[in-house]
Amino acid sequence: MKYIIGMDVGTTATKGTLYDENGQSIAEMQQGYPLIQDKVDQAEEDPNLIFDAVQDVIFTLAKKVSGEIAAISWSSQMHSLIGLDENKQLLTNSITWADNRAEYVVEEAKSSGLAQQIYERAGMPIHPMAPIYKLIWLKQKHEELYRKVKYWLGIKEYLIFRLTGKMAIDISMAAGTGLLNLQTLTWDPELLRAVEIDSEQLPELMQPVAIVGTILPEYSQKLNLHDTQIVLGASDGYLSTIGIGVLDQHSYALNVGTSGAVRTITRQPVLDKKARFFCYAVDEKQYLLGGPVNNGGISFAWAKNVILSSEDTAEDFLNLAQTVPAGSAGLLFLPYLGGERAPIWDANARGSFVGLTRNHTKPQMARSVLEGIIFNLLGASHALTENIGKPKAIRITGGFVKSDFVRQMLADVFNVPIVTLNNDQSGTFAAMFLARLALGLSKDMAEINDYINEERIYFPQEKNVQVYQELLPIYNDLVHSIQEHYEKIAKFQSMHPELFNKTL
């Protein structure tokens, strides 16, 4: 029997799933690596450590079967940036999506009109996560290094280069650079001029189902693989969307782990007048629309440790929150603990409780944190619904949405049915399906639904819907009224970092 390995290269870990030729999961493995955050707003990773993790995962999974590993296909974090020299050796770490050091570049680009041009030409939100802004930052702050770089690529492209010797990028990942023209699906000459690089410095553009080549002999021997095809794959955003059966705009995909995102698929590019969501091309017939949020499970984890203690479990926190009614007695939580992307696109954003009284206790605070995270996700979806219409259902995945309590809260806040699925590894699963298409084992993207099983549907409860419909306008007003103060607060905190480490 032949097998396929689906890889998902995340921000803090790489996951791999081994599938048989019938699309059934055989085994899974995960290998972590650290995030480098030695400087303010820095968020980098060592590409060599990630490559080591990838090799460990592939080798371990391949050992579990005696049959042939026909293909390895890829899902990956977006917006990373790596520079190589003329000999294709590393000159930089992988600068991840979470790196905010290009924030001032974004502000300058807003003033000059460049940011709006980038959005209109590439569908890239106005935020320092975008590699195009990172390139400008590097050019300004590290010009000597910048001039030494011969090739620019992201983490998925680097890993595939190491395994095959070829530099290739799929359209969905290229769209996430801010350098791909949304209409022509080619590198945009004007945007390349803005960062003073040419297309020869970037990987070759290919389709997600493209077979880049076979694995190089040195890794074929090391990983005990023979004639294994490397399928290019796509971005984690796109694959986690189609991997749960969202193939058009009638349904939304909601994934909430440490961070989160609301996404859908359209047949034509759609841009927002206020640039509130991304529009990333996948191919000539698929465009990924959505809003990513920084503050998902990471806000939940913070609240559990602060409101309760590090010894308490997530279940303890959820059980506490369930003891009070919807609305948390009017206590609202803005979950912006690490800046925010959608819906406010403000790297300076800070979190807050609003409406706190002496009558509030830990249960209301706990529930308001969960409600605030979900209110923010709803906010990230507003621009989508304004432009393409309300979905008939939302299909969900991620660690934050494991409990029935949270799932029902999502249904009540969004006021649409929430659909859960049996398979939670949508990234590796969809990567595997792209390999099936590449190898001719499947013929059409619609066939992916043959492998997806719905687990349960949660319908809105009218009593809770009414409470949330009353609170949401207040929450939305707060979001915008407080936002003008974030820059001043962030500046104070950056000037006095020692205050976070001192106690009286």
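Residues numbered from 1 in each chain as written. Predicted model: local features only at pLDDT ≥ 70, side-chain atom pairs only at ≥ 80, totals over all residues. Heavy atoms only, no water.

An account of the overall build of the protein is requested, with residue identities and associated values reported.
Regarding its fold elements, the protein presents 17 helices and 21 strands. A compact globule built from 504 residues would reach a C-alpha radius of gyration of about 23 Å, and the protein, at 22 Å, matches this within 12%. In terms of overall dimensions, the protein has C-alpha extents of about 70 × 50 × 45 Å along its principal axes. Per-residue burial over the protein gives 58% buried out of 504 residues. Sequence separation of at least 24 residues holds for 72% of the intrachain contacts in the protein that already meet a minimum separation of 6. Across the protein, the 44 positively charged side chains and the 58 negatively charged ones have centroids separated by 2 Å. (Helix = DSSP H or I, 4+ residues; strand = E, 2+ residues; numbered from the N terminus. Rg over C-alpha atoms; globule rule 2.2 N^0.38 Å. Buried < 20%, exposed > 50% of the residue type's maximum accessible area, 1.4 Å probe, protein only. Contact = heavy atoms within 4.5 Å. Lys, Arg positive; Asp, Glu negative; His and termini not counted. Charge placed at Lys NZ, Arg CZ, Asp CG, Glu CD.)

So, the pattern of salt bridges: which residues are in play, and what are the values?
All chains considered together, the criterion is met by 16 salt bridges. Residues E44 and R101 are paired through a salt bridge, measuring 2.5 Å at the closest nitrogen-oxygen approach. Residue E44 is located in strand β4 (residues 44–45), and its partner R101 is located in the loop between β7 (94–95) and α2 (103–112); the two are separated by 57 residues in the primary sequence. Assessed through its relative accessible area of 14%, R101 is described here as buried. The structure contains a network of salt bridges with shared partners spanning K139, E143, R147 and E196. (Salt bridge = Lys/Arg side-chain N within 4 Å of Asp/Glu carboxyl O.)

Could you give me a rundown of the side chain of D412, with the residues and numbers involved?
With respect to the secondary-structure elements, D412 resides in helix α14 (residues 404–414). Look at D412: it is buried, it has no salt bridge, and the nearest opposite charge is R367 at 5.8 Å. A polar contact is formed between the side chain of D412 and the side chain of N464, at a distance of 3.0 Å. In this structure, D412 is in contact with F459, P460, Q461, N464, V465 and Y468, ignoring residues within four places of it in sequence. (Polar contact = N/O pair within 3.5 Å; in protein donor to acceptor, adjacent residues only side chain to side chain.)

Tell me what's going on with the packing of helix α11 (residues 297–307) against helix α13 (residues 362–388), and back it up with residues and numbers.
α13 packs onto α11 with a crossing angle of 170° between their chain directions and a minimal axis gap of 10 Å. When the axes of α11 and α13 are compared, the pair comes out roughly antiparallel. Contacts between α11 and α13 involve S299, F300, A303 and I307 from the first element and K362, M365, A366, V369, L370 and I373 from the second. Classifying every residue of the contact of α11 with α13 by side-chain character gives eight nonpolar, one polar and one charged. (Axes fitted to C-alpha atoms, helices over the stretch in contact; angles between N-to-C directions. Parallel < 35°, antiparallel > 145°, perpendicular 65-115°, else oblique. Nonpolar A, V, L, I, M, F, W, Y, C, P; charged D, E, K, R; others polar.)

Can you break down α11 residue by residue, with the values?
Among the residues making up α11, those that are buried are G297, S299, F300, A303, K304 and I307. What you see down the axis of α11 is that its buried residues fit within an arc of 155°, all on one side. (Arc of directions from axis to C-beta.)

Help me get a handle on the nonpolar core, residues and values and all.
With 131 residues, the main nonpolar core has Y133 and L179 as its most contacted residues. No other element matches α13, which puts 12 residues into this core. In contact with L179, not counting residues within four places along its chain, are A122, I132, L135, T186, W187, D188, L191, L192, V195, I197 and L202. (Core = buried A, V, L, I, M, F, W, Y, C linked by side-chain atoms within 4.5 Å.)

I'd love a proper account of the sheet that holds strand β12 (residues 229–235), names of residues and values included.
Spatial strand order, β3-β2-β1-β5-β12-β11: six strands in an open sheet with mixed pairing. The open sheet has two free edges, formed respectively by β3 (25–32) and β11 (211–214), since each of these has just one partner strand. Direction aside, neighbouring strands of the sheet carry axes that sit 20° apart on average. Inspection of the sheet shows strand β5 (residues 68–76) paired to β12 by five bridges, in the parallel sense. (Pairing = 2+ DSSP bridges.)

So what about the side chain of D20? Which residues, and what values?
Residue position: D20 is located in strand β2 (residues 13–20). Here D20 sits buried without a salt bridge, and the closest side chain of opposite charge, R436, lies 6.5 Å off (N-O distance). A distance of 2.8 Å separates the side chain of D20 from the backbone nitrogen of N22, its partner in a polar contact. Those residues in contact with D20 that sit more than four places away from it in its chain are M1, K2, Y3 and I26.

Now, about the sheet that holds strand β13 (residues 251–256): what can you tell me, with residues and values included?
Read from one edge to the other, the open sheet built from seven strands follows the order β15-β16-β14-β13-β19-β20-β21, with strand pairing classed as mixed. Here the strands that pair on one side only, and so sit at the sheet edges, are β15 (278–283) and β21 (454–458). Between one strand and the next, the sheet's axes are offset by a mean angle of 25°, whatever the strand orientation. Bridging between strand β20 (residues 418–421) and β21 involves four bridges; their strand directions are antiparallel. In the sheet register, L421 faces β21, and the bridge partner there is E454.

Please set out unusual backbone geometry residue by residue, giving values where relevant.
Residue P343 is reached from A342 by a cis peptide bond, and omega for that bond is 0°. One non-glycine residue, K88, lies in positive phi territory at about 65°. Position of K88 among the secondary structure elements: in the loop between β6 (82–84) and β7. The backbone of L185 sits at a positive phi, close to 60°, despite the residue not being glycine.

Can you lay out a nonpolar patch on the surface for me, pointing to particular residues and giving the numbers?
A cluster of nonpolar side chains, namely I211, L439 and L441, defines an oily patch on the protein surface of about 210 Å² accessible area. With respect to the helices and strands, I211 occurs in strand β11. What makes I211 partly exposed here is its relative accessible area of 33%. (Patch = residues over 30% accessible without salt bridge, like charges linked within 9 Å, V, L, I, M, F, W, Y side chains within 5 Å. Areas by Shrake-Rupley, 256 points an atom, 1.4 Å probe, with all protein chains shown as cover.)

If you had to explain the packing of aromatic side chains to someone new, which residues and values would you point to?
Within this structure, the stated rule accounts for 12 aromatic pairs. The interplanar angle of 40° and the centroid separation of 5.4 Å between the aromatic rings of Y146 and W152 together place this pair among those described as tilted. For the pair Y146 and W152, one class covers both residues: buried. Seen in terms of ring centroids, F300 and F400 are 6.0 Å apart; in terms of plane orientation they differ by 75°. Their pairing is edge-to-face. Taken together, the positions of F300 in helix α11 and F400 in the loop between β19 (393–397) and α14 put the pair 100 residues apart, joining distant regions of the chain. Aromatic rings pair up to connect F300, F317 and F400 into one cluster. A cation over an aromatic ring shows up here: K88 above the ring of Y151, its NZ or CZ 5.5 Å from the ring centre. (Phe/Tyr/Trp six-rings, centres within 6.5 Å; stacked < 30°, edge-to-face > 60°. Lys NZ or Arg CZ within 6 Å of the ring centre and 35° of its normal.)

Can you break down the pairing of strand β14 (residues 260–266) residue by residue, with the values?
Within β14, seven of the seven residues are buried, which leaves the element mostly enclosed by the surrounding structure. Side chains G260, V262, T264 and T266 of β14 all project onto a buried face; the interleaved residues A261, R263 and I265 project onto the opposite face, where all are buried too. Pairing between β13 and β14: four bridges, direction antiparallel. The partner of L254 across the bridge, within β14, is V262. Sheet analysis places β14 next to strand β16 (residues 286–293), joined by seven bridges and oriented antiparallel. The partner of T266 across the bridge, within β16, is Y287.

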